[in-house]
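Examining the three-dimensional arrangement
Here is how the chains run, residue by residue.
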Amino acid sequence: MTLLQLLKQPGLRANMKEDRIRILFLLDKLTPAGTQTNVLELVRHLDRKRFDPRVMALLAGGELEKEFVAAGVRPVVLSVKSAYGSSGWKALAFLIRYLRQEKIEVIQTFFLHADILGTIAGKWAGVKRIYTTRRDEGFWRTGRQVFVNRFFNRFVDALLVNSEAVSRAVRKQENPAKPIYRIYNGVDSKRFSPADGRSREKIRQELSLSDHDVAIAVVAHMKHGVKGHSYFLNAVAEISKKE
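Residues numbered from 1 in each chain as written. Predicted model: local features only at pLDDT ≥ 70, side-chain atom pairs only at ≥ 80, totals over all residues. Heavy atoms only, no water.

**Description of the pattern of salt bridges**
So the rule is basically this: Only one rule defines a salt bridge in this text: a Lys or Arg side-chain nitrogen within 4 Å of an Asp or Glu carboxyl oxygen. Going along the chain from the N terminus, every DSSP run of H or I of four or more residues is numbered as a helix, and every run of E of two or more is numbered as a strand. Burial status follows relative accessibility: with a 1.4 Å probe on protein chains alone, a residue under 20% of its type maximum counts as buried, one over 50% as exposed, and anything between as partly exposed.
On inspection of all chains with the given rule, the structure shows 12 salt bridges. With its nearest N and O atoms 2.5 Å apart, the salt bridge here joins Glu41 to Arg44. Of this pair, Glu41 and Arg44 both sit in helix H2 (residues 34-45), three residues apart, which is roughly one turn of the helix. Overall, the relative accessible area of 12% leaves Glu41 in the buried class. Across the pair Glu164 and Arg182 runs a salt bridge, and its minimum N-O distance is 2.7 Å. Placement of the pair is Glu164 in helix H7 (residues 164-173) and Arg182 in strand E7 (residues 180-182), with a sequence separation of 18 residues. Taking relative accessible area as the criterion, Glu164 reaches 34% and is therefore assigned partly exposed. Counted as one network, the salt bridges with shared partners bring together Arg20, Asp52, Arg54 and Glu102.

**A word on the nonpolar core**
We count it as follows: Nonpolar core, defined: a set of buried Ala, Val, Leu, Ile, Met, Phe, Trp, Tyr and Cys residues in which side-chain atoms within 4.5 Å join the residues together. Should any heavy atoms of two residues lie within 4.5 Å, those residues are counted as being in contact.
Among the nonpolar cores identified, the biggest contains 27 residues, and Leu24, Leu95 and Leu99 are the most heavily contacted of them. Of all the secondary-structure elements, those providing two or more residues to this core are strand E1 (21-27), helix H4 (86-101), helix H5 (112-125), strand E6 (158-161) and H7. A per-element tally of this core places H4 first, with six residues. If near-sequence neighbours (up to four positions away) are discounted, Leu95 is found in contact with Leu24, Leu26, Met56, Leu117, Gly118 and Ala121. Core analysis: the second largest hydrophobic core is formed by 22 residues, Ile21, Val39, Val43 and Leu64 among them.

Rendered as C-alpha cells:
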C-alpha cells in the first residue's frame, strides 16, 4: 500500500480535487536518524498540489530542521521535557489548538511520546485520520511502553509499518484490533548516482577494485547491535576462509 492509496480510503474526502489534504507528521526530534530522514524524503516528494504537509517535533534542536525548511516546511518545535510533566500538558494544549486552527485532517505519529500526545490531541481536535507508526521490531521497548502503546492503539485508525517483520512483531507484542498497513521505505536512487558524471568504472578504479571484485557497503547506526554489523563481519570472515 502507498500513502496515496491509504488517504483515498472512504471517509476522508468525498472529492480529492478539493483543497489540499493537510497532514501533520509528529516526531520526537529532528536528528538525522532513519525515521526522521524518511519523513524528510516523504515531505520532499509529496505532491504539493494535493497535499499540505506539516512537521512538528517534541524536542528542540536537530540538524534536519534546516533540511525541512529547504524542502518548504518549517517545523514547529514544542520543546517538551517530558510527555508526563507540565511541558507535556502545555504541548498538548498547543497541539489541540494547532490541529483545530490549521484544520489538520491527518496526523501521523512517530515514537512513544509523540504517539501519546498526538493521539490525545487528534481525538480531542476531531482529526479525521490518526495513524501511529512502528518502524522496528520493538527491541528497545519495555513492558510498560508496550502496555502504553496497546492502550493508545484503540484511539487510532490504523498502524503503519515498514516491513513484514515489523508487522509480525506488532501483532505478537501489541495484538491491535485496528488494521496494520505496510508501506515500505522509499529510496531515491538518484542520490546514489555520481553527481559529477563519473562512470562506474572510474569510481571502481579510485577504490582499487577490479572488474571481478564485489563491493558491499553497509550503512547503519553502529550504536545498536540490532543493526547487524556483527553478522556482516562474521559472514565476510566465513567467505574469506572459503576463497
